[in-house]
Amino acid sequence: GFAAVLAPVLYGLWWFTTPVRESFTNRSATSYTHVYTDPSSGEEGKFPSLFDEASLRLSLVVPAYNEEDRIEVMMDETMKYLESKSFSYEIIIVDDGSKDRTTEVALRYVREHGAEKVRVMTLAENQGKGGAVQQGCLHARGEYILMVDADGATEIKDLDRLITAMEACKDAKSGYGVVVGSRAHLQEKAVAKRKWYRSVLMHGFHFLVKALAVRTIKDTQCGFKLFTRNSARVLFANLNLRRWCFDVELLYMAEQLKMPLREVAVNWEEIPGSKLRIFEAAMLMGRDLVVVRFCHTFGIWKMNDGRAIDVKKSQ
């Protein structure tokens, strides 16, 4: 009888503490080095560090896991948009240990546009979307860094609005600033099309986010977020969650550090082919939300400011 009670309790504890344990057993995110291939010369180049000086205006970081079917549409639209602009840019496609031909498809764009503009970072094993975004951002060259989904759910031209908001809000002294794309304005329309239980779970999640973590942003989960280089240095070097809710942890840290934070409405459409299992996702996201608040409140996860991270880098 006692064992029957104890077993589920212990399992529950083990399950609940998974992200905390992983944050201590995972290899430090800042310790990885990556190479990219330049198909024109056949040579490999080493990705630079986020802690180097910026050498471009904008970096786009695209986490991609088994996206061979969806990434082309997104890349075609994105390249067309960027080529029409006057600023310098790069796209870093992070293949998060895909089992399909994501890397091969992505390399086509490197051949077409050159390794100065498009680079593919292939992770040996799957790290989770947060881990993939983190690795891409930690090796980006841009003054501004945009994380953007491989499915092209957000219209890339909305980046204009994010950049305008960033220019207006970023802190001149610290160089901090975070602007997130938001689908909050699309809520009423979306609810009509959605299964009732999805709406229930979503409202529950939003309530928890606001209660536990992020007060000022309505839509924490849109995959279209712009960071200044200084903000990215602090946030991505300190990010602990690599799978669920990493967005919430980033924004939680940004709020705690009083970084200027803005939310900008973007055009968004649901792209078929999502790999999300809704009930499993709800459980894991609920858990990770509580973990973010708990670990940051009780100092289990400490935030180093940029100076402390620079020390790590030079060791």
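Just above sits the structure.
Residues numbered from 1 in each chain as written. Predicted model: local features only at pLDDT ≥ 70, side-chain atom pairs only at ≥ 80, totals over all residues. Heavy atoms only, no water.

**Q** Talk me through the environment of glutamate 255; I want residue IDs and the actual numbers.
**A** Relative to the helices and strands, glutamate 255 resides in helix H10 (residues 246-256). The class of glutamate 255 is buried, set by a relative accessible area of 16%. Each C-alpha atom of the pair glutamate 255 and histidine 203 lies 22 Å from the other, and the pair is 52 residues apart in sequence. Among all residues touching glutamate 255, those that are not within four sequence positions of it are Ala213, Val214, Arg215, Thr216, Ile217 and Leu261. (Helix = DSSP H or I, 4+ residues; strand = E, 2+ residues; numbered from the N terminus. Buried < 20%, exposed > 50% of the residue type's maximum accessible area, 1.4 Å probe, protein only. Contact = heavy atoms within 4.5 Å.)

**Q** Now, about the packing of aromatic side chains: what can you tell me, with residues and values included?
**A** The tally for this structure, following the rule as stated, stands at seven aromatic pairs. Ring centres 5.2 Å apart and planes at 70 degrees place the aromatic pair tyrosine 36 and phenylalanine 47 in the edge-to-face group. In this pair, tyrosine 36 sits in strand S1 (residues 35-38) while phenylalanine 47 sits in the loop between strand S2 (43-46) and strand S3 (56-64), placing the two residues eleven residues apart along the sequence. Comparing tyrosine 36 with phenylalanine 47, the two get one shared label, buried. Here phenylalanine 294 and phenylalanine 298 contribute two aromatic rings whose centre-to-centre distance is 4.9 Å and whose plane-to-plane angle is 50 degrees, an arrangement assigned as tilted. Overall, the relative accessible area of 45% leaves phenylalanine 294 in the partly exposed class. (Phe/Tyr/Trp six-rings, centres within 6.5 Å; stacked < 30°, edge-to-face > 60°.)

**Q** Provide a residue-level description of unusual backbone geometry, including the pertinent values.
**A** Despite not being glycine, cysteine 245 shows a phi value in the positive range, around 60 degrees. With respect to the helices and strands, cysteine 245 occurs in the loop between helix H9 (229-238) and H10.

**Q** Which residues make up a nonpolar patch on the surface, and what values do they have?
**A** Residues Phe2, Val5, Leu6, Val9, Leu10 and Leu13 make up a contiguous nonpolar surface patch of roughly 600 Å² in combined accessible area. Looking at the secondary structure, you find phenylalanine 2 in helix H1 (residues 2-16). (Patch = residues over 30% accessible without salt bridge, like charges linked within 9 Å, V, L, I, M, F, W, Y side chains within 5 Å. Areas by Shrake-Rupley, 256 points an atom, 1.4 Å probe, with all protein chains shown as cover. Salt bridge = Lys/Arg side-chain N within 4 Å of Asp/Glu carboxyl O.)

**Q** Provide a residue-level description of the sheet that holds strand S5 (residues 118-122), including the pertinent values.
**A** Strand order in the open sheet formed by seven strands is S5-S4-S3-S6-S8-S7-S9, with mixed pairing between adjacent strands. Whereas interior strands pair on both sides, the edge strands pair on one side only; in this sheet they are S5 and strand S9 (261-265). The average angle at which neighbouring strand axes cross in this sheet is 20 degrees, direction not considered. Judged from the five bridges that link them, S3 and strand S6 (residues 142-148) form a sheet pairing that is parallel. The partner of valine 61 across the bridge, within S6, is methionine 147. Sitting on the sheet, helix H6 (residues 159-169) is in contact with S3, S6, strand S7 (178-182), strand S8 (224-228) and S9, with an inclination near 35 degrees to S8. (Pairing = 2+ DSSP bridges. Axes fitted to C-alpha atoms, helices over the stretch in contact; angles between N-to-C directions.)

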